[in-house]
Amino acid sequence: MLRASLRQVSAALKEGRVTPTELCQQCLSLIKGTKFLNAYITIAEETALKQAEASEERYKRGQPLGVLDGIPIAVKDNFNTAGIETTCASNMLRGYISPYNATVVQKLLDQGAVLLGKTNLDEFAMGSGSTDGVFGPVRNPWSYSRQYKEKSVPKSHSEDKESNWVITGGSSGGSAAAVSSFTCFAALGSDTGGSTRNPAAHCGVVGLKPTYGLISRHGLIPLVNSMDVPGILTRCVDDAAVVLGSLAGHDPKDSTTIQDNFKPFELPNLTDVSKLSIGIPKEYHVPGLSGEILALWSKAADLFQNAGAKVVEVTLPHTRYSIVCYHVLCTAEVASNMARFDGLEYGHRSDMNESTESMYAATRREGFNDVVRGRILSGSYFLLKQNYEKYFVKAQKVRRLIANDFVKVFRSGVDVLLTPTTLSDAAPYKEFIKEDNRTRSAQNDILTQAANMAGLPAINVPTALSERGLPVGLQFIGRSFQEQQLLTVAKWFEKQVQFPMIQLEEVKGHDRDVFQHKKSASFS
Ligand code: GLN
């Protein structure tokens, strides 16, 4: 049952084949059995069971609240949750309990979803590996898959397998790992530069970054307000559409959300892609793109072409400035956002209190890691009076150019862009941490960041396994607020590639039955 889609499990709940409490208990026991993944920071066992009980009552009365009623969901630990700790994986917020729920969390609860817990991330979502949070790195469930073990480690070195585990990507790595290891049916992440799509690609799940303004950010602890969006992680495109439908829409508490009424949609099973124009942006052929991903990308383009779609090369000439531009805009917004953590209002407060100044300084030194402090310093520099025009204003102008490139391409008749999501499959942790956070982000956001600059919807669809037996995904980028079209194309593609199910049978603590896989032809 834990592998079922949202609609399947919802039908099972309605028909009484499983109860919300049983589902919740199964998820909780699997979460405990997979603790070594470090996917969850907080397990909200007590409240989850209460919510499941309440849902059970509704089913008994024949009055479930909708498709999400009784369904266990996990939430990234940078969304505020009333009564449950919200840490942002930082010492600054360890032990912090918000008095209110983020709008998206409230919406899930209002629809009867069961909140299992809060998932791990890079501190304040600054990173691309889920390796840089105070609770330690998240391990990619695929590290423990038969597919990876068979291909990656020479049989004679079997004792080294354990130290060969790979990262989840980030910063929503806990959410991606949670969904990929079947401990929840969907999870919320956030996406500012790629933080939902990147871990989704590395963990073999669907990761949707909606259009900026479609889903409320109220209660999502900000990284870069002008780019942050709540992200949706699920095991299939249909599930992403269900969760999107339950979250989207105007929120009076977030003035950047659209006023239009959003209508939830169902995706068709049969799609005719022959009228579509698929754009292949040539600038996404970046140095460092692995040969196997390049091959997969062109194979995917062929798939569309063979189905009658028009596949055209397009150009997004300013995309190559997105990383450097992001560095300025991100750090500037971080510098101002992080000012709220001063030891007075909430979060950590240092004992060094000879003066207010020294208390501020000590609080921030003790509370933030090097990455956060480094970004505050850079951002403060870019915002200095003598630098503001030169860096911040200029970066905003470049951002506009990057966004305009997309507008031109979509105006020329292209419906959806097809690109890789990541440069390669997931790196082993030992390799990944050799570079610093900034270098890693510069590399890992290169294919995802521009969509955030332009506020466009984008989705990772798991596509194939790499030569090492790890997931690789491709990205579709759509027109603003055209999620329905984007997801329809993504679902068509998902159906063609038949991404193989993870085979986790060897892991101790796992319920073996849960991981029984269906055999399917793989795309690679
Ligand atoms: N890697 C990027 C950063 O560190 C993006 C993070 C995100 O999308 N939250 O800022």
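Residues numbered from 1 in each chain as written. Predicted model: local features only at pLDDT ≥ 70, side-chain atom pairs only at ≥ 80, totals over all residues. Heavy atoms only, no water.

In the nomenclature of an unreviewed UniProt entry, the protein chain corresponds to Glutamyl-tRNA(Gln) amidotransferase subunit A, mitochondrial from the organism Pipra filicauda. Word for word, the UniProt comment on the protein chain under Subcellular location (unreviewed entry) is "Mitochondrion". (UniProt positions renumbered as here; feature names shortened; annotations may be inferred.)

**Side note on the overall build of the protein chain**
A count of helices and strands for the protein chain gives 17 helices and eleven strands. At 22 Å, the protein chain has a C-alpha radius of gyration in line with the 24 Å of a compact globule built from 524 residues. Projected onto its principal axes, the C-alpha positions of the protein chain cover 65 × 60 × 55 Å. Expressed as a percentage of the 524 residues in the protein chain, the buried residues total 60%. Looking at the protein chain alone, contacts between residues at least 24 apart form 78% of all its contacts between residues at least 6 apart. If you sum the accessible surface of the protein chain, you get close to 20,500 Å²; carbon and sulfur atoms cover 51% of it. (Helix = DSSP H or I, 4+ residues; strand = E, 2+ residues; numbered from the N terminus. Rg over C-alpha atoms; globule rule 2.2 N^0.38 Å. Buried < 20%, exposed > 50% of the residue type's maximum accessible area, 1.4 Å probe, protein only. Contact = heavy atoms within 4.5 Å. Areas by Shrake-Rupley, 256 points an atom, 1.4 Å probe, with all protein chains shown as cover.)

**Concerning the UniProt feature "active site" (unreviewed entry) in the protein chain**
UniProt feature "active site" (unreviewed entry): in the numbering of this structure it lies at Lys76, Ser171 and Ser195. In sequence the annotated residues extend across 120 residues, while in space they remain close, none of their C-alpha pairs exceeding 11.0 Å. The annotated residues contributing to the lining of the largest cavity are Ser171 and Ser195. By the secondary structure assignment, lysine 76 is in strand β2 (residues 72-76). When near neighbours in sequence (up to four residues on either side) are disregarded, lysine 76 contacts Lys118, Thr119, Leu121, Ala125, Ser171, Ser172, Ser175, Leu188, Gly189, Ser190 and Ser195. Within polar-contact distance, the side chain of lysine 76 engages the side chain of serine 171 at 2.8 Å. Counting through the fold element by element, serine 195 comes out in the loop between β4 (186-191) and α7 (197-203). By relative accessible area, which is 7% here, serine 195 ends up buried. If near-sequence neighbours (up to four positions away) are discounted, serine 195 is found in contact with Lys76, Ala125, Gly127, Gly170, Ser171, Ser172 and Ser190. Polar side-chain contacts of serine 195 include one of 2.8 Å to the side chain of serine 171. (1 Å grid on protein atoms, 1.4 Å probe; cavity = no way out; pocket = protein on both sides within 12 Å on 5 of 7 lines; lining within 4 Å. Polar contact = N/O pair within 3.5 Å; in protein donor to acceptor, adjacent residues only side chain to side chain.)

**With respect to the pairing of strand β5 (residues 206-209)**
Burial along β5 is two-sided: the residues Val206 and Leu208 and Gly207 and Lys209 are all buried. Sheet topology note: the β5/strand β6 (residues 229-234) ladder contains three bridges and is antiparallel. Within β6, the residue paired with glycine 207 across the bridge is leucine 233. Judged from the three bridges that link them, β5 and strand β10 (residues 458-465) form a sheet pairing that is antiparallel. When the bridges of β10 are listed, glycine 207 appears paired with asparagine 460. (Pairing = 2+ DSSP bridges.)

**Quick word on helix α1 (residues 6-14)**
Among the residues of α1, Leu6, Val9, Ser10, Ala12 and Leu13 are the ones counted as buried. The buried side chains of α1 occupy one side of the element, clustering within an arc of 160 degrees when seen end-on. Looking at the buried positions of α1, the neighbouring elements they touch are α2 (20-33), α3 (45-60) and α8 (237-247). Just past α1, the residue glycine 16 takes up positive phi, approximately 75 degrees. (Arc of directions from axis to C-beta.)

**So, the environment of alanine 442**
Residue position: alanine 442 is located in helix α15 (residues 437-444). Classification of alanine 442 as partly exposed rests on a relative accessible area of 29%. Linking alanine 442 and histidine 327, residues 115 residues apart in sequence, is a C-alpha distance of 8.6 Å.

**What to know about empty space enclosed by the protein**
Across all of its chains, the model carries three cavities of 30 Å³ or more by this definition. Lining of the largest cavity is provided by 14 residues; of these, Ala125, Gly127, Ser195, Tyr326 and Asp445 occupy positions nearest its centre. Here the lining of the largest cavity is composed, by residue class, of four nonpolar, eight polar and two charged. Taken as a whole, the second largest cavity spans an internal volume of roughly 40 Å³. Contributing to the lining of the second largest cavity are Asn78, Cys88, Phe124, Ala125, Ser190, Thr192, Leu220, Ile221, Pro222, Leu223 and Asp228. Classifying every residue of the lining of the second largest cavity by side-chain character gives seven nonpolar, three polar and one charged. (Points joined across faces, edges and corners; volume = space filled by probe spheres on them. Nonpolar A, V, L, I, M, F, W, Y, C, P; charged D, E, K, R; others polar.)

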